[in-house]
Amino acid sequence: MDWQAHITVATIVENNGLFLLVEELQDGRRVLNQPAGHLEPNESLTEAALRETLEETGWQVELTAVIGIYLYRAPNGVTYQRICFAARALQPVADYQLDEGIIGPRWLSREQLLERQACLRSPLVLRCIDDYLGKERFPLSLVR
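On a predicted model such as this, the values are computed, not experimentally measured, just so you know.

A. Just the overall build of the chain, in detail. Across its full length, the chain carries three helices and seven strands. The helix and strand sequence of the chain, counted from the amino end, reads β-β-β-β-α-β-β-β-α-α. Principal-axis analysis of the C-alpha atoms gives the chain an extent of 45 × 35 × 30 Å. Per-residue burial for the chain yields a buried fraction of 43% across its 144 residues. Taking all contacts inside the chain whose residues are at least 6 apart in sequence as the whole, residues at least 24 apart take part in 70%. With an accessible surface of roughly 8300 Å², the chain has 49% of that area assigned to carbon and sulfur atoms. Charged side chains of the chain number 14 positive and 20 negative; the gap between the two group centres comes to 6 Å.

B. Up close: the pattern of salt bridges. For the coordinates displayed, the defined rule picks out 10 salt bridges. Across the salt bridge formed by Arg51 and Glu40, the nearest N and O atoms sit 3.5 Å from each other. Here Arg51 is found in helix α1 (residues 45-57), whereas its partner Glu40 is found in the loop between β4 (36-38) and α1, with 11 residues between them in sequence. Assessed through its relative accessible area of 15%, Arg51 is described here as buried. With a relative accessible area of 39%, Glu40 lands in the partly exposed category. The partner of Arg110 in a salt bridge is Asp130, and the shortest N-O contact between them spans 2.4 Å. Of this pair, Arg110 sits in helix α2 (residues 110-115) while Asp130 sits in helix α3 (residues 124-133); the two residues are 20 residues apart in sequence, bridging distant segments of the chain. Under the relative-accessibility criterion, Arg110 is labelled partly exposed at 22%.

C. Quick peek at the nonpolar core. Ile12, Cys84 and Leu113 are the most contacted members of the largest nonpolar core, which has 22 residues in total. Contributing elements (two or more residues each) for this core: β1 (6-15), β2 (18-26), β5 (59-73), β6 (79-92) and α3. Examining the composition of this core, we find that six residues originate from one element, α3, more than from any other. Counting 14 residues, the second largest nonpolar core, distinct from the first, contains Val13, Leu20, Leu45 and Val66.

D. Summary view of the environment of Ala89. For Ala89, the location among the structural elements is in strand β6. Put simply, Ala89 and Val61 are 28 residues apart on the chain and 4.6 Å apart in space, counted from C-alpha to C-alpha. Here Ala89 is in contact with Val13, Trp59, Gln60, Val61 and Trp107, once residues within four sequence places are set aside.

E. Representation of the environment of Ala74 in the model. Residue position: Ala74 is located in the loop between β5 and β6. With a relative accessible area of 11%, Ala74 lands in the buried category. Sequence spacing of Ala74 and Leu20 is 54 residues, and the spatial spacing of their C-alpha atoms is 23 Å.

Reading the values: the criteria
- Residues numbered from 1 in each chain as written.
- Predicted model: local features only at pLDDT ≥ 70, side-chain atom pairs only at ≥ 80, totals over all residues.
- Heavy atoms only, no water.
- Helix = DSSP H or I, 4+ residues; strand = E, 2+ residues; numbered from the N terminus.
- Buried < 20%, exposed > 50% of the residue type's maximum accessible area, 1.4 Å probe, protein only.
- Contact = heavy atoms within 4.5 Å.
- Areas by Shrake-Rupley, 256 points an atom, 1.4 Å probe, with all protein chains shown as cover.
- Lys, Arg positive; Asp, Glu negative; His and termini not counted.
- Charge placed at Lys NZ, Arg CZ, Asp CG, Glu CD.
- Salt bridge = Lys/Arg side-chain N within 4 Å of Asp/Glu carboxyl O.
- Core = buried A, V, L, I, M, F, W, Y, C linked by side-chain atoms within 4.5 Å.

Following this line, the structure appears as structure tokens:
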């Protein structure tokens, strides 16, 4: 059997009602997503979330909670298991070289995201923000 789920992490970073997002190219199209990416070999989920946030936004963050665990089947048939974390922004890293395909970090409100809904990489972008805004949090110890 060749089927496998792709394990990914994402980070919700909020500051004064604005969310740290990534504008990136996907199949030649500009899209918005949380800082997110795949778990790498020999890496913990929390390490992956910190790494992906830095690589895609240039921001160092501190993880504070787990927002949720999501299963998403993309239109291309790939199934993703996403573990979404909440984080507090610490500081940007000066002159950090972002991952290839990343246009740059964007701080946007939920309302601005609604206006750009057609540009969201997946429905999980708003779903994770809405779950974050719903204030349900799980301790980081949930992830072992």
